[in-house]
Amino acid sequence: MCNNSPLIGLLQAALNNPIERSRLLQQQEQIREIMNDILARQWLFEQACQTDDPNQAKKLIIHMMWSSKLIWHGGGISPDVYSEALSRTWVWFTEHLCQTYKPALASFVTWFNQRLKGMIQDVIRERAKEERRQLNPSADEEENEWIYPPAPEPDRWHETIQEWLELVRNNPHLFINCRMQSHPNVNCQVLLIHILKVLRDSGKFSWNDLAQEYGVEPSALRRFCRTRCFRIFRQLLPE
């Protein structure tokens, strides 16, 4: 591909120089121009998916999407539903970017927004199903259902949990906006870090202790973690 495009030049500079990257992320109109330029986004896609060091390019794409202010805000959708759908869509985006995205067909944000709207409908359907379960307790999950993150191998217990902690800490955009509606200070990142530290240090875990720590009813906290936090977390783990 020809790299003489001034937009590609801006992207090259942003990838190689933190100052240039910071400067670009403050230029909303410039970012939107890049998003709408097929050659520019094709070049950026190749850096993120066809090089030996794709992480910087992937981070730049995500930061540019945020800075563009073009991510759909949900209209009249419940903030709780929107935040969960947004978190799930970021997981989907990072997992499917290189396999599914076609730079010639749509911008990164347009592709993301299409999936976000579908994810919102998925969350709404799941919430309705959960409400029906609450009205019919016999249809709810059994008490003995495994609702923790997947158990590490015994001989790598501490190493694996430490790796999981780093995953949660390094992906705040997936977890922080996923909050309990009645307790907005309680989000998935806070809960997962707490749970993983307890499991790492003691090997056992109590929902009642966790609920008391955050002033939340234990069954509501368990349901929130099972249906939202653990679902997002598991998608980050390798098969």
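These numbers were taken from a predicted model, which means no experiment stands behind them. (Residues numbered from 1 in each chain as written. Predicted model: local features only at pLDDT ≥ 70, side-chain atom pairs only at ≥ 80, totals over all residues. Heavy atoms only, no water.)

A. A look at the overall build of the protein chain. For the protein chain, the count of helices and strands is 12 helices and 2 strands. Mapped from its N terminus to its C terminus, the protein chain presents α and β elements in the order α-α-α-α-α-α-α-α-α-β-β-α-α-α. For the protein chain, the proportion of its 239 residues judged to be buried stands at 42%. If you take every contact in the protein chain between residues at least 6 apart in sequence, the share linking residues at least 24 apart comes to 69%. Working note: accessible area of the protein chain is about 13,000 Å², and carbon and sulfur atoms make up 49% of it. (Helix = DSSP H or I, 4+ residues; strand = E, 2+ residues; numbered from the N terminus. Buried < 20%, exposed > 50% of the residue type's maximum accessible area, 1.4 Å probe, protein only. Contact = heavy atoms within 4.5 Å. Areas by Shrake-Rupley, 256 points an atom, 1.4 Å probe, with all protein chains shown as cover.)

B. Region of interest: the packing of helix H1 (residues 6-16) against helix H4 (residues 38-49). Two numbers describe how H1 lies on H4: the axes approach to 9 Å, and their chain directions differ by 30 degrees. Our classification of the angle between H1 and H4 gives roughly parallel. Relative to H4, the crossing made by H1 is right-handed. Residues Leu7, Ile8, Leu11, Gln12 and Leu15 of H1 form the contact with H4, whose participating residues are Leu39, Ala40, Trp43, Leu44 and Gln47. Along the lines of polarity and charge, the residues of the contact of H1 with H4 split into 8 nonpolar, 2 polar and no charged. (Axes fitted to C-alpha atoms, helices over the stretch in contact; angles between N-to-C directions. Parallel < 35°, antiparallel > 145°, perpendicular 65-115°, else oblique. Left-handed = near helix turned anticlockwise from the far one by under 90°. Nonpolar A, V, L, I, M, F, W, Y, C, P; charged D, E, K, R; others polar.)

C. Region of the structure containing the state of the cysteines. Inspection of every chain in the model, using the stated rule, returns 2 disulfides. There is a disulfide in this structure between Cys49 and Cys98, and the S-S distance comes to 2.1 Å. Handedness here is read from the sign of the S-S torsion; for Cys49 and Cys98, about -85 degrees, the answer is left-handed. Of this pair, Cys49 sits in helix H4 while Cys98 sits in helix H6 (residues 79-100), and the two are 49 residues apart along the sequence. (Disulfide = S-S within 2.5 Å.)

D. Local environment of the environment of Gln162. Tracing the chain through its elements places Gln162 in helix H8 (residues 157-170). With relative accessibility at 30%, the residue Gln162 sits in the partly exposed group. For the pair formed by Gln162 and Leu196, sequence separation is 34 residues and the distance between their alpha carbons is 8.2 Å. Beyond its immediate stretch of four places on either side in the chain, Gln162 contacts Arg169 and Arg200.

E. Fine view of the packing of aromatic side chains. Going through the model one piece at a time under the given rule, you end up with 11 aromatic pairs. Arranged with centres 5.6 Å apart and planes meeting at 80 degrees, the rings of Trp164 and Phe233 form a pair that is edge-to-face. With Trp164 in helix H8 and Phe233 in helix H12 (residues 218-236), this pair connects stretches of sequence that are 69 residues apart. Here Trp164 matches Phe233 in class, with each residue buried. A network of ring pairs unites the aromatic residues Phe45, Trp66, Trp90, Trp92, Phe93, Tyr101, Phe108, Trp111 and Phe112 as a single cluster. (Phe/Tyr/Trp six-rings, centres within 6.5 Å; stacked < 30°, edge-to-face > 60°.)

F. Expanded view of the nonpolar core. By size, the foremost hydrophobic cluster in this structure holds 69 residues, and its most contacted members are Met65, Phe93 and Phe108. Examining the composition of this core, we find that 9 residues originate from one element, H6, more than from any other. Ignoring sequence-local partners within four residues, the contact set of Met65 consists of Met35, Leu70, Ile71, Trp90, Phe93, Phe108, Val109 and Phe112. (Core = buried A, V, L, I, M, F, W, Y, C linked by side-chain atoms within 4.5 Å.)

G. Region of interest: the packing of helix H3 (residues 28-35) against helix H5 (residues 55-68). The geometry of H3 relative to H5 is characterised by a closest axis approach of 9 Å and an angle of 120 degrees between their N-to-C directions. By the criterion of interaxial angle, the relationship of H3 to H5 is oblique. Like other packed secondary-structure pairs, H3 and H5 cross with a definite hand, here left-handed. Taking contact as the criterion, the partners of Gln28, Ile31, Arg32, Ile34 and Met35 in H3 are, on H5, Ile61, Met64, Met65, Ser67 and Ser68.

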